[in-house]
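Now for the letters of each chain:
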Amino acid sequence: RPLSSLKTLTNQPFRMNQPPSTTPTTITTQILPSPSQTRLVTIIAHVDHGKTTLADALIESNGLISERMAGSNIRYLDSDSEEQRRGITMKASSIGLKHVYTGKGSNPNASNTLSAGDMNGNTGEEDPYVIHLIDSPGHVDFRHQVSSALFLCDGALLLVDVLEGMCARTHSLLRELYVMRLVPILVLNKIDRLVGELGLTPTEAYLRLRSLIETVNAAAANMLNSNRASRNTQQTTTEPDPSNTSTPASHAPPIDLEEMEQSVWNFDPSKNNVLFASALDGWGFGIQSLARCLYQQKLLTIKPKVLRRYLFGDYRYNADTQKVLKWVANSSSDSLPMFAEFALKPIWDMYHGVEDVFANFKATGQSLSMATPGMKELVKIVRKTGHTNHYNSNSTLTTTPSQPSHSRLLPQTGKELLRFLNKHGSVSSPEEATRALLRRYRPLSDAVLDAIVEVCPSPRDATRNIRTNVLSLSVSPSHSSQGGGGTTTTPTDAGEALQLLQRAVQQCSTGITSPPDVDVDSPAPSPTVAHVCKVLTVQNSDIVYSSNDGTSSISASKDGTQLMGLVRVLCGRLHSDASYHVFGPPNANASTHSNEYEPQSTERRIVRTYLLMGSTLLHVPYIPAGHIGALSFPSDHQNHTSLPPHAAFTLSDSPHCTPLRGLSTSLSNTQKPLLKISLEPKHVRQSPVLEQALQQLVLSDSSLDVTMTARGECLLCCQGELHLEQTLHDLKTVYLPASSASASADDGSDSNADADEMELRISDPIVPFGETTTHLESELHADFAAVLDQSDPESDPAAVIADASIRRQTTLPPYCDEEGLSNAKAGRCRVVMQGRGCALSLRVLPLPKAIHDDLQRQHTTAIDVDVDEEQQTVRDTAYLQLSRILGHPTQTNVQDIRQRLRQQLCVMDGNGNAMMESAGILTGQTVRGVCSGNQVYQPDTSLVSASPTNKANVNRDTKSNSHSSSLATQANDNDYPPNGTDKQYIAQQTTGLENGHDDYQAVRHAIRQERIIQLPNPSPATQLGLPPHESTATSTNEQSPHASALQIWRSNLRGSTEAGFHLAMRAGPWMEEPIKGVLVILEGIEIAMTESCTTTPGNNNTVYTYTPAQPISGGILLSSLRQSIRCALLTRPARITEPMLRLTLHTTLDGIGTLYRVLNKRRCTILADDMVDGTDLLSIVALIPQNESLGLHPELLNVSSGRVSSPELEVSHWEVLDEDPFWIPNSLEEREDFGELVNSGDCSTGRNNVALRIVRGVRVRKGLLVDDQKIVVAAEKQRTLARKK
């Protein structure tokens, strides 16, 4: 099929009055016209709203498929087998269509619309146009394909199902259209469902359509207002730099920006940017084409220019007076609005007439004839509607012989109608008959293609007026500093070359250029700039080459695949078999920020150009500016690989080019994948083949992420379940065979196994989790001093119950085996580093998200951002609670708390974690230099296990007054003593161990004084959230061990704590998952010092100097800090954070019971369940954990029998699972509800503990020790393989 089509295509001239040409260069010139006669359009919509069906109807107008095949949902652009099997589009496909525009006169909205009417050069004649159409996926898992299509095109057809209305995906598409600066056309699709399924009258259908348009306009207006407000805020906070020439003055829009946005984003049927269609039945119309038809058929005597203002609105037509009057919706008269009477009623009559005829035909059992009841009425209906000559058979670029014009006319007599039904084979189905009639009454392709020509801008108008910021070259600081003529440090030719490229891109210049490899005496009049937005995988059998004699042939190598780039030529001509400079994305080829101009070091690659025709590619000698095509990279002597250099890049024949400015915006819109799997080949020798296949896979799909862990595990990250299934299918069927063949060719042997024989070990989907903590009961209900000096928990039965889960998690393997756990309690830990040269005391607390976001905004922008009243209340409440826990003065207000925390802040990360220094460390009061014994104090933890109290397993004497020993005094503090310690016993065994104990007690005492420590006045650095300067604390010139320790801390050790903090946040103690929402507070530092004195000759002054007694390296501090944070977290309540997805779906009232049962089982939270107006559909919006979303779609299909639509899942946020995995039932009611504790080694906390199930599942997947794992189940039993019958 593709070969025969392209044979006719290459011999078909562009203008019908020209003789055919046989040279490939002339063929390219005829097929691809100038940019003013070109349109680049994509189709976008929510899933199952009719994008591919609309594309089939447009392709049918060019004769590539038959009328009957277009109506049978052939899905011409879905060339992949998985797309055909699933019935959804998963990859964006492009095709070029020809259309002869027959609009009479210029568009009346030319003054308000940049791209309409005479701006596009519409002269009222029949002008041929080429429309590059891209069909994009609707499923949210393939949003990256939509982003690439939007970046490539200038206009978009936004489809909306009139029954489902605007869905969540539709709102997000509106925002993407605005960011990419595309001109949208709203297509209200599936109007046939209003008459077939809902049974609405034409007036009711009009009211529903009017309401839907108002809803879309309201969403667009809200988007414009929010963006306008943010733009005004940015302009007030950022002063423009007059020396910045990154946006040339010539790029300024010719009209006001707000006026242009208001015109583009106001969907008004009279502007022809709203179409009414039924893609399945093949009919559609716009108000302008409807006004012309009504005037031509003399149904109305009003001129089309005036009529289109009244056709869609609350107006009615009085046939007696031939005047347009106001229509009132609730009036008692039987008059219809003009849109219902002249646009919808004829279509409604045709639906009902055909249905009645076929119902009577089946009832009588006789053959269809004029005697069939209802046949005469159907003839009257068809004759009354008349026919339109607007559909011109010559407007199609047919690959089959042109059809006569009378084949597009409606039958006018009974005999013609019978002959028509028999000819088209529609006598057995009323749907086929209705479809065949309506395709001739209101042809969809004409309405859509005419609207594209009138509304959407040409490539030249888009780059010049509308998409200037997106389709312009980015300018590095060195470029922007040179102006137009360059400076003494910048070569003049480089600056002029860049300005030439900017002007050529802006004007979409099509000047004829020679191939860049050909030496010419003068420079080319127009440079070449092209952009590749995505990479395609093409079968070699789908490539067709044209020879000089005009014949076409398929590629000689039918087997295998190759990667090609989907390219848009911005200016010049992209010649085949010529080499061009490659400029990667901004993060790949970053420009230097020096004042001197330094050209980017780029590589040159040879390209080969092709024309896209769906799944088939036609090799052409060049692609001119304003068109879309494909290019490949044939291997040469310099580049032995034919792979594209990047997933998105820019090509140019000038070495002074830069990547497109909008490329960074397109890359930032790509959402980070969350669903991961681990895969590896069964045989290790096949690993190179898998690596090469994954490299090609990532190039063809920019949303994928392939990472190698430190353990050598290969992780493949995808957007969702459907995306994962399609990726694995492509990997096995496309990329592994190609990589295996390439590896065998490189080795010159058949040592590599075939791809069919390669077996992959693929893990179950890996869902990311996070580890966090929550507040202790004592922290919430007691002040700072009470928390530090609280009595033993066993003295309070309520405290014993509240602290039971923490006690259990510190005594259960493998958590009890954490090194240094005996030095931690209640979220505090004091770690003594190797050699006892330094000790670090810290505290771990939960950090609310509101505080983290507020501190991060201040840390990055130093500007207070206005928030709404509800968010401010939540933020202030969190600040006050955190201030009370930290021991700040109770009389401080929120602003003082924010300022204090900003001074103490050290570092933050993107997972909601932060680390700060206490006021004691900032002022030096909790930083001590230990000179006694050259070692810091460390209690002997071995005495804890030898204590008689532990041996007897009895309660400790919490009222002991024995303070004779220093260790007993330390044990009385609730900071760090191990549980079950007999203070008096330890005191007797540790008499005389006084090394560093006084400094230890001084640090403990200073920590208790946190509330009264006053911070110095904030400096400009601390206002930005940076660490304070040394001058803000105790002077380091004092010759004291404490001042020397403070200086060592600031100069040598503080930087290592930031690295240790980031290392600790990577993996938590419970599941080795990232830590989220935790605040680490450094409370005290003890450094062992050595004292040395020097006597100055002459004045006999003795100078004492202090140096570290033990070497303290950054690596030791880093690992010690990580271990202390883990131990502190183990002594706090354990919580898990999980990603939440926003679930949107539709269901009928019959399936709501089954649906809610499934959602409740999967821990869903219903946000909204509203009825869709006029239908029995229920729109449900809910939040579902990502772990529970796996397998949701198949289960819904099985239990609901198709009454529930396909669920749409989008990433929403991270949420804390408020369930303790180590909780145990204590009361009688809890034991009855959750069961008794099992004492067989299982730490089960009762039935249905979701948090414990998640912890165990993650640890099993990672190969970590699980608490209930048994190595031998029954060692005394003998296992036999014999089966007893």
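Predicted model only: the values in this text are computed from it and were never measured.

### As for the overall build of the protein
Check the secondary structure of the protein and you find 44 helices and 37 strands. Split into buried and exposed, the 1285 residues of the protein put 55% on the buried side. Here the contacts in the protein between residues at least 6 apart in sequence split such that 76% fall between residues at least 24 apart.

### Side note on the nonpolar core
Considering soluble globular proteins, one finds that nonpolar side chains tend to be buried as a cluster. Core analysis: the biggest nonpolar cluster contains 145 residues, and L157, L188, W265, F276 and F339 have the highest contact counts within it. Looking at this core, the element that brings in the most residues is helix α13 (residues 338-364), giving 13 residues. Membership of the second largest hydrophobic core comes to 76 residues, among which are V535, L812, A1064 and V1078.

### Digging into the confidence of the model for the protein
Summing up the model confidence of the protein, the mean pLDDT is 75 and the portion of residues at 70 or higher is 70%. Note that pLDDT drops below 50 for residues 751-755; the model gives that stretch 13 contacts with residues more than four away or on any other chain. With pLDDT under 50 throughout, residues 943-993 is counted as low confidence; its partners more than four residues away or in other chains account for 90 contacts.

### Considerations on the sheet that holds strand β24 (residues 760-762)
Taken together, 4 strands build an open sheet; the order of strands is β22-β23-β21-β24 and the sheet is antiparallel. The sheet is open, and its two edges are formed by β22 (705-708) and β24, each paired on a single side. On average, each strand axis in the sheet is inclined to that of its neighbour by 30°, with strand direction left out of account. Across 4 bridges, the pairing between strand β21 (residues 675-681) and strand β23 (residues 714-718) is antiparallel. Considered in β23, the bridge of S678 is made with L715. Lying on the sheet, helix α22 (residues 687-700) is in contact with β21, β22, β23 and β24; it crosses β21 at an angle near 145°.

### A word on the environment of F285
Among the structural elements, F285 can be located in strand β7 (residues 283-286). Spatially, the C-alpha atom of F285 lies 9.9 Å from that of Y441, the residues being 156 residues apart in sequence. When sequence neighbours within four positions are dropped, the list of residues in contact with F285 reads L275, F276, L290, F339, A343, I347, R442 and A447.

### Details of the packing of aromatic side chains
Counted according to the given criterion, the structure contains 17 aromatic pairs. Plain terms: the ring middles of Y310 and Y315 are 5.0 Å apart, the flat faces sit at 90° to each other, and that makes the pair edge-to-face. On the basis of relative accessible area, Y315 is assigned to the partly exposed category, the value being 25%. Centroid distance F633 to F649: 5.8 Å. Interplanar angle 55°. Geometry classified as tilted. Linking F633 in the loop between β19 (628-632) and β20 (649-652) with F649 in strand β20, this pair joins segments that are 16 residues apart in sequence. Residue F633 shares its accessibility class with F649, and that shared class is buried. An aromatic cluster of at least three residues, connected via ring pairs, comprises Y206, F276, W283, F285, F312, W327 and F339. Seen from the ring of Y178, R181 lies directly overhead, with NZ or CZ sitting 4.5 Å from the centre. Taking the ring centre of Y315 as reference, the NZ or CZ of K326 above it sits at 4.9 Å.

### Quick notes on the pairing of strand β13 (residues 561-571)
Of all 11 residues making up β13, 10 are buried, and the element is well covered by its neighbours. Sheet topology places strand β10 (residues 529-539) next to β13; 10 bridges connect them, and they run antiparallel. Within β13, the residue paired with H531 across the bridge is R568. Two strands pair when backbone bridges link them, and β13 and β19 are joined in this way by 4 bridges, in the antiparallel orientation. By the bridge assignment for β19, G565 is matched with L631.

What counts, and at which threshold
Residues numbered from 1 in each chain as written. Predicted model: local features only at pLDDT ≥ 70, side-chain atom pairs only at ≥ 80, totals over all residues. Heavy atoms only, no water. Helix = DSSP H or I, 4+ residues; strand = E, 2+ residues; numbered from the N terminus. Buried < 20%, exposed > 50% of the residue type's maximum accessible area, 1.4 Å probe, protein only. Contact = heavy atoms within 4.5 Å. Core = buried A, V, L, I, M, F, W, Y, C linked by side-chain atoms within 4.5 Å. pLDDT = per-residue confidence, 0-100. Pairing = 2+ DSSP bridges. Axes fitted to C-alpha atoms, helices over the stretch in contact; angles between N-to-C directions. Phe/Tyr/Trp six-rings, centres within 6.5 Å; stacked < 30°, edge-to-face > 60°. Lys NZ or Arg CZ within 6 Å of the ring centre and 35° of its normal.

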